[in-house]
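# Fold and geometry: a report
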Amino acid sequence: MDKLFVFGKTVSGDAFTDREKETEKLVANFKYGINTFIVSPRRWGKTSLVKKAKVLAEGPKLKIVYVDVQHCHSREEFCERFASAVLTQTAGKMDEWVENARSFLSRFSIGLNASPDPTGELSLRLNMLPKERSMEELLQLPERIAQKKGVRVVVCIDEFQQIGNYPDSLRFQAELRSVWQHHQQASYCLFGSRKHLMESLFDDTSKPFYKFGDIIYLQRIPLEYWVKYITSKFKQEGKSITRKQSEWIVNQVDGNSSYVQQLAWYVFLRTAKKVGETILREAFDELVDQCADVFEAKTEGLTAYQMNYLRAVADGVNDGLSSSQTISNYNLGSSANVAIIMKSLLEKDLIQKIDKKIFLTDPIMGHWIKRT
Ligand SMILES: Nc1ncnc2c1ncn2[C@@H]1O[C@H](COP(=O)(O)OP(=O)(O)OP(=O)(O)O)[C@@H](O)[C@H]1O
Ligand SMILES: [Mg+2]
């Protein structure tokens, strides 16, 4: 039986709702070779969107490569993973990618990793320490292969914000841009989950990726779509949920796609025929319980001041955190201290700034903080 509500993995088919305009735009960008950044808060649906657009856009003349660089901690690891994905995903058969590797990567000897990588795909090991020039060879692969095959290639790089943490990151960013900007038949879709880190890669003229391409700021899936999605899934299984109750689910988790699906699932599980108040409340408690371990781990080691700051934001103090009133209400030290706290919590991705206001990055965390 298909899952009714899906969370914790990318969604497709019946579990994917809305995103029509974004899908259309991304498919067009893929087809016409426009570089694209996609930015959104965590778990709103970037990866699912890219995978959907990939399926729709791909064809004999357009190869789309997907690579996740979450676990790459240096430029060497990044380049190796990038090259491995490009070689294997642009070729139909193993012979073809081995041949491409031989002809385009003169400075490497290629090994095949016996065990597939975590995405389940075969990966290459590039033996020989890449030197400066060799690294460029790896980055040139999409264009070289596209030219040879007479196709377009789009490389989609997930968790791209990781490169901001590499040693000498700015230099690496400049290297990437200087190679990729000359590509005619290859283009790039760069996306990632830590909004402020992603934005910091291209948000001012001094950054190598400034004006590198189109930027899609993913919005929340509109309430209308969620209501339709939730009510129809309940109906399909012979249960009923009102429009108002569905809206409550969405609003309770601030429209975070993943939490909407998760909370809807907990409500569904408790419902024999009709949803009621108690069911909603208990389902929400379960959601907060489920998240508690993660929140504890994320806040472990925070100073008392930092926790106090989070508590203020959880209470709805979204601006004026350095006012003397707030400082005294929440014991935040001094206004200079408040600025330091804010910076460190932003770096830890626990808070985010939207239109100069401060919000908790995770919409459930506020409920957990109030409970503890
Ligand atoms: N279009 C959609 N329709 C319905 N649910 C969705 C949609 N997109 C995302 N979701 C829900 O959100 C969850 C996270 O989706 P996805 O992994 O695509 O988001 P993400 O933004 O890439 O997350 P992360 O920030 O962790 O990389 C999915 O498991 C699903 O529950
Ligand atoms: Mg993702």
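As a starting point, this report considers the structure included with it.

Cut-offs and rules
- Here, residues in each chain are numbered from 1, in the same order as that chain's written sequence.
- Just so you know, chain letters begin at A and ligand numbers begin at 1, following the order they were written in.
- This being a predicted model, a pLDDT of at least 70 is required before a residue's local features are given, and a value of 80 or more before pairs of side-chain atoms are given or counted; all residues contribute to the totals for chains, interfaces and linings.
- Each side-chain value is derived from all of the structure's non-hydrogen atoms; neither hydrogens nor water enter the calculation.
- Helix and strand assignments come from DSSP, with helices taken as H or I runs of at least 4 residues and strands as E runs of at least 2, each series counted from the N terminus.
- Polar contacts here mean pairs of N or O atoms no more than 3.5 Å apart (in protein, one a potential hydrogen donor and the other a potential acceptor; neighbouring residues in sequence count only if both atoms are side-chain atoms).
- We call two residues in contact when some of their heavy atoms are within 4.5 Å.
- When at least one non-hydrogen atom of a residue lies within 4 Å of a molecule or strand, that residue is treated as near it.
- For every accessible area listed, the method is Shrake-Rupley and the probe measures 1.4 Å; residues are considered covered only by the protein chains on display.
- For every residue, the accessible area (1.4 Å probe, protein chains only) is compared with the maximum for its type, and the residue is labelled buried under 20%, exposed over 50%, or partly exposed between those bounds.
- At least two bridges found by DSSP between two strands is the condition for calling them paired.
- Definition used in this section: a nonpolar core is a set of buried Ala, Val, Leu, Ile, Met, Phe, Trp, Tyr and Cys residues joined via side-chain atoms within 4.5 Å.
- Throughout, the edges of the domains are those of an automatic or database domain assignment.
- Every helix has an expected span of 1.5 Å times one less than the residues it contains.
- Axis definition: a line fitted to C-alpha atoms, over the contacting stretch in the case of helices. Angles run 0 to 180 degrees between N-to-C directions.
- When a carboxyl oxygen of Asp or Glu is within 4 Å of a side-chain nitrogen of Lys or Arg, the pair counts as a salt bridge.

The topology assignment puts T271 in the loop between α10 (257-270) and α11 (277-299). At a separation of 2.7 Å, a polar atom in the side chain of T271 contacts the main-chain carbonyl oxygen of V267.

As a further point, take the environment of S169. Locating S169 in the fold gives a position in helix α6 (residues 169-180). Taking the C-alpha atoms as reference, S169 lies 8.4 Å from R75; in sequence the two are 94 residues apart. With residues up to four places along the chain from it excluded, the contact list for S169 reads I163 and G164. There is a polar contact of 2.7 Å between the side chain of S169 and the backbone oxygen of I163.

Let us look at the site of ligand 1. Looking at ligand 1, there are 23 residues lining it, with V6, K9, K46, S48 and Q261 nearest. In the environment of ligand 1, an oxygen atom lies 2.5 Å from a nitrogen or oxygen atom belonging to the backbone of K9. One of the backbone N or O atoms of T17 is found 2.8 Å from a nitrogen atom in ligand 1. When ligand 1 sits alone it has 630 Å² of accessible area, and the protein chains cover 95% of it. At the level of secondary structure, the elements contributing two or more residues to the shell around ligand 1 comprise α2 (46-57) and α10.

Look at any regular strand and the pattern is simple: side chains alternate between the two faces of the sheet. Burial of strand β2 (residues 62-68) is extensive: five of the seven residues sit out of reach of the surface. Here seven bridges tie β2 to strand β5 (residues 152-158), and the two strands are oriented parallel to one another. The residue bridging L62 from the neighbouring strand is R152, located in β5.

Within the largest apolar cluster, 56 residues are counted, with the highest numbers of intra-cluster contacts made by I230, I249, V267, L287, Y309, L310 and I364. Of the residues forming this core, the biggest block, nine residues, is contributed by α11. Residue contributions to this core reach at least three from each of two domains, namely domain 2 (223-293) and domain 3 (301-371). In terms of nonpolar packing, the next biggest core, distinct from the first, is built from 43 residues, A85, W97, L141 and L176 among them.

Further remarks concern α2. An α-helical turn contains 3.6 residues, so a residue and the one three or four places further along point in the same direction. Across its 12 residues, α2 extends 16 Å between first and last C-alpha, which sits within 8% of the 16 Å expected from 1.5 Å per residue. Buried-residue contacts for α2 involve α1 (20-31), β1 (36-39), β2, β5 and β6 (186-192).

For the rest of this paragraph, the subject is the sheet that holds β5. Overall, parallel pairing links the five strands, which are arranged β2-β5-β6-β1-β7 in an open sheet. Looking at the sheet topology across the chains shown, the edges are occupied by β2 and β7 (214-217). For this sheet the average axis-to-axis angle between neighbouring strands, irrespective of direction, equals 15 degrees. Summarising the sheet, β1 and β7 pair through four bridges and their orientation is parallel.

Evaluated as defined, the whole model comprises 20 salt bridges. Here K25 ties to D214 by a salt bridge, and the two come within 2.9 Å at their closest N and O atoms. One end of the pair, K25, is in helix α1; the other, D214, is in strand β7, with 189 residues separating them in the sequence. What makes K25 partly exposed here is its relative accessible area of 38%. Note that K207 and D204 form a salt bridge whose closest N and O atoms lie 3.8 Å from each other.

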